[in-house]
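Chain by chain, the residues:
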Amino acid sequence: MNPPSPPVTTRQSGPVCLIEIDNPPVNASSQPVRAQIAAALETANADPAVHSIVILCKGRTFVAGADITEFGKPPLSPALGAVCNLIEASGKPVIAAIHGTALGGGCEIALACHGRVARADAQLGLPEVKLGLVPGAGGTQRLPRLVGIETALALVSSGRMVNADEALRIGLVDAVATEDLETAAVALAGRMAGESLRRVSNLPVPAFDPEAVEARVREIERRARGQVSPGRAARTVLAAASLPFAEGLALERATFTELVATEQSAALRHVFFAERAAAKIPQIAGVAPHDIRCVGVAGAGTMGSGIAAALAEAGYRVIVVERGVEAASAGLGRITAIHRRALEASRITEAQCDERLGATRVGTELSDFAPCDLVIEAVFDDLAVKQDLFAALSAIIRPDAILATNTSYLDPEAIGSAATHPERVVGMHFFSPANIMRLMEIVPTSRTALAVLATAFAVGKRLKKLCVLAGNCEGFIGNRIFATYRKQCEFMVEDGALPHEVDAAMEAFGLPMGPFAVFDLAGLDIAWARRKRQAASRDPAERYVRIADKLCELGRFGQKTGAGWYVYDQGKRRPDAGVTSIIEAEAAISGIARRPIGADEIRRRIIAAMVNEGARLLEDGIAQRASDIDLVFVNGYGWPAWRGGPMFQADRMGIDVILAEVRLMQSRDGAGWEPARRLIDMASTGARFGDA
Ligand code: T1G
């Protein structure tokens, strides 16, 4: 078999040496790439026939970054920073020919060049902070010299990409190729040959307002809410203004080396690869999805209008149907408001807003759905209502059209059974607000055709959703674990903690809002209704805490009624002594001697409860992999990505620690809190969720 071709080759275009990288899938600057770029540079500089050099890439993109799989292992020479310094020190001009996404180390290679040409559809960025890092190959020191401190701060601390036009405008690239990229790069290289070289590191940092910049850096640190890399990246960029280049590089390298070893970076790298793993659904590999252009949405309440807005944003034609003119008008108002808010925030242009509204029609007749390729129902979460709808729609939609249910807790199998073609029914569980939350759980029934499942994933991807395959059980992945989480929180309150103490412990962990505040926000009545539905079938041996029922019986449904676990004055929430009295009374009835419960125990019990249920989901095949469960909580429940997710956290805490906590629950809380078999096996073998 032929040996693999080297990832870097050179060829001549007249007196221009083309150093071409071919390291699929994204031309990551792996060790062989780095070493071979360095060697090619040396050869080109020694060759009298070469007067200038172009670095370009084959495949879909310029270098999209360092090879993330190398992180967490001993560094391999040459470091990318050293290669960038070699590029900049070249005696002959080096031009970067950029297409696709020049990110991270790729952008840094371009910054080390003496000129940069971008294809019109190219994007550039330094997204290292999204991996808990800072740029480690000169980006924090070269970028401000090219684009100024303020712009460099914004780009490095957010990891945002810029398109070719913006890159040209801010001075990140010298030209946007209106013709063939290689031709444009070779032409620029020719023009620069023989001229004095513009080395970015020799440029002064453009003047800036130090007070305004310091305030900006503090704002970046504040908004990072516990994640350290955005603030550290900002500080490292700012150092470019006060340190000589070499010292700035040293500071950057030291910061990168420190952060790459942190748990936050390990967690963010875990999430990065988890997102890519979640997209791998073996059963639909190679299955062609339906061609979806026109999507119907049944119901234009909060969920339906959010779904409709997301569909229009993704470029679909959208037909919405509500019952009655008044509801339809209110629904249209909600949809219009979503697009207008995006316009007012300058996230879209007037034309885009008009285009989205123009693609959306709201009516009152189910027959309006006749032309749809897919209809998503977001009507009241009642089984009979949904079954009647699917039965009616079956007589209206085309024989190849798909029916999707957005149900949160009902059984898609039961809903689908009412359709004349249950093989064309699938669950697409959006999270509210549907136009903002990235997560979508995709739930096939036992009858769902593979092409229908593939279509749900294709639509989800076009909606830019993070799609996770979920098996069919009550609550699927997220809400099933969340229900367990909620129970354990209420147990802790009966055992001795107070709602605001539980919330404080979880907010200190990094959640933007603690569980009891979330319960109040979502409304206590929804879970109350479910508990009443389940009362008859509840295992009497199961521990049951009545505190939330008591609150609901008093009409305390949460924020919407001004009181729930907290009391609300002008939107501000505060602990309520009345709730404490109810808690103490219920504990007394249960014969529980309440005791103080510290933040560590609160977090340990919550994570252990989540992980044990997650282990059960894996055993039951409801979740394909532990990292999918992590993605559900990072993208659907506010879990900070820099914590990696509950299963990742379990590996860090130790499976034995988790199991010990679950055994305490079993002895204290009884039925339903038995350790999952998988957890017991993992503890005995030393296995971790991350090993799978
Ligand atoms: N290293 C290793 N593998 C990578 C990779 C990377 N940088 N980027 C992508 N892959 C793999 C990915 O796991 C998947 O593998 C396949 O490529 C396709 O990716 C020194 C320290 C470029 C926008 O953060 O944002 O440079 O699953 O599915 O949707 O200062 O990949 O097929 O086996 O995402 O078209 C900085 C990360 C690194 C960019 C393409 N760079 N990548 O998106 O494809 S740190 C990044 C992306 C750094 C320097 C610092 C995206 C993409 P598999 P994909 P895509």
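Residues numbered from 1 in each chain as written. Predicted model: local features only at pLDDT ≥ 70, side-chain atom pairs only at ≥ 80, totals over all residues. Heavy atoms only, no water.

**Structural notes on the overall build of the chain**
Phase 1 of the analysis: If you tally the helices and strands in the chain, you get 28 helices and 19 strands.
Phase 2 of the analysis: Relative to the globule expectation of 26 Å for 692 residues, the C-alpha radius of gyration of the chain, 28 Å, shows essentially globular dimensions.
Phase 3 of the analysis: Dimensions along the principal axes, computed over C-alpha positions, put the chain at roughly 90 × 60 × 60 Å.
Phase 4 of the analysis: Buried residues in the chain amount to 55% of all 692 residues.
Phase 5 of the analysis: Counting only carbon and sulfur atoms, one obtains 55% of the accessible surface of the chain, whose full area is about 28500 Å².
Phase 6 of the analysis: Within the chain, the 79 negative side-chain charges are centred at a point lying 1 Å from the centre of the 75 positive side-chain charges. (Helix = DSSP H or I, 4+ residues; strand = E, 2+ residues; numbered from the N terminus. Rg over C-alpha atoms; globule rule 2.2 N^0.38 Å. Buried < 20%, exposed > 50% of the residue type's maximum accessible area, 1.4 Å probe, protein only. Areas by Shrake-Rupley, 256 points an atom, 1.4 Å probe, with all protein chains shown as cover. Lys, Arg positive; Asp, Glu negative; His and termini not counted. Charge placed at Lys NZ, Arg CZ, Asp CG, Glu CD.)

**Things to note about the pattern of salt bridges**
Phase 1 of the analysis: With the rule as written, the count across this model stands at 45 salt bridges.
Phase 2 of the analysis: Its salt-bridge partner being E221, residue R235 comes within 2.9 Å of it at the nearest N-O pair. Of the two residues, R235 is situated in helix α9 (residues 229–239) and E221 in helix α8 (residues 210–223); the sequence distance between them amounts to 14 residues.
Phase 3 of the analysis: Residue class for E221 comes out partly exposed when judged on its relative accessible area of 33%.
Phase 4 of the analysis: The closest approach of N and O atoms between R604 and E661, which form a salt bridge, is 2.7 Å. (Salt bridge = Lys/Arg side-chain N within 4 Å of Asp/Glu carboxyl O.)

**So, helix α23 (residues 577–589)**
Phase 1 of the analysis: End to end, α23 covers 18 Å across 13 residues, agreeing with the expected 18 Å (1.5 Å per residue, within 8%).
Phase 2 of the analysis: Regarding α23, the residues found buried are V579, I582, I583, E586 and A587. Buried residues of α23 fall within an arc of 135° about the axis and therefore sit on the same side. Seen from the open side of α23, the exposed residues pointing more than 90 degrees away from its buried face are A577 and A588.
Phase 3 of the analysis: Those residues of α23 hidden inside the fold are in contact with α18 (478–495), α19 (499–509) and α22 (547–553).
Phase 4 of the analysis: The backbone nitrogen of G578 has a side-chain oxygen 2.7 Å away, supplied by the residue at the start of α23, namely D576.
Phase 5 of the analysis: Where α23 terminates, the next one or two residues include G591, which has phi positive at roughly 70°. (Expected span 1.5 Å × (residues − 1). Arc of directions from axis to C-beta. Contact = heavy atoms within 4.5 Å. Polar contact = N/O pair within 3.5 Å; in protein donor to acceptor, adjacent residues only side chain to side chain.)

**Focus on the nonpolar core**
Phase 1 of the analysis: If you look at the biggest cluster of nonpolar residues, it comprises 75 residues, and the most contacted ones within it are I477, W565, I606, L679 and F689.
Phase 2 of the analysis: Broken down by element, the residue count for this core peaks at 10 residues, all from helix α24 (residues 599–619).
Phase 3 of the analysis: Of the domains in this structure, domain 2 (292–469) and domain 3 (478–691) are the two that each give at least three residues to this core.
Phase 4 of the analysis: Here F689 is in contact with V611, A615, L618, A626, M647, A650, D651, I655, L679 and M682, once residues within four sequence places are set aside.
Phase 5 of the analysis: Judged by nonpolar contacts, the second largest core, of 67 residues, contains A118, A152, L172 and V260. (Core = buried A, V, L, I, M, F, W, Y, C linked by side-chain atoms within 4.5 Å. Domains from an automatic or database assignment.)

**Focus: the domain arrangement of the chain**
Phase 1 of the analysis: Its domain assignment divides the chain into domain 1 (8–261), domain 2 (292–469) and domain 3 (478–691).
Phase 2 of the analysis: Using only C-alpha atoms to locate each centre, domain 2 and domain 3 end up separated by 31 Å.
Phase 3 of the analysis: Facing 11 residues of domain 2, the contacting portion of domain 3 comprises 11 residues.
Phase 4 of the analysis: Between domain 2 and domain 3, the buried area comes to about 1000 Å², and carbon and sulfur atoms account for 59% of it.
Phase 5 of the analysis: Among the residues domain 2 hides against domain 3, the three largest losses belong to Y409, L439 and L469. Together they make up 46% of the total.
Phase 6 of the analysis: Here domain 2 and domain 3 share 3 residue pairs in polar contact (both at pLDDT 80 or more) between them.
Phase 7 of the analysis: Secondary-structure elements contributing two or more residues to the side of domain 2 that touches domain 3 are β16 (439–444) and β17 (466–469).
Phase 8 of the analysis: Broken down by element, the residue count for the side of domain 2 that touches domain 3 peaks at 3 residues, all from β17.
Phase 9 of the analysis: Tallied by class, residues from the side of domain 2 that touches domain 3 come to 7 nonpolar, 2 polar and 2 charged. (Buried area = accessible area lost by both parts, 1.4 Å probe. Nonpolar A, V, L, I, M, F, W, Y, C, P; charged D, E, K, R; others polar.)

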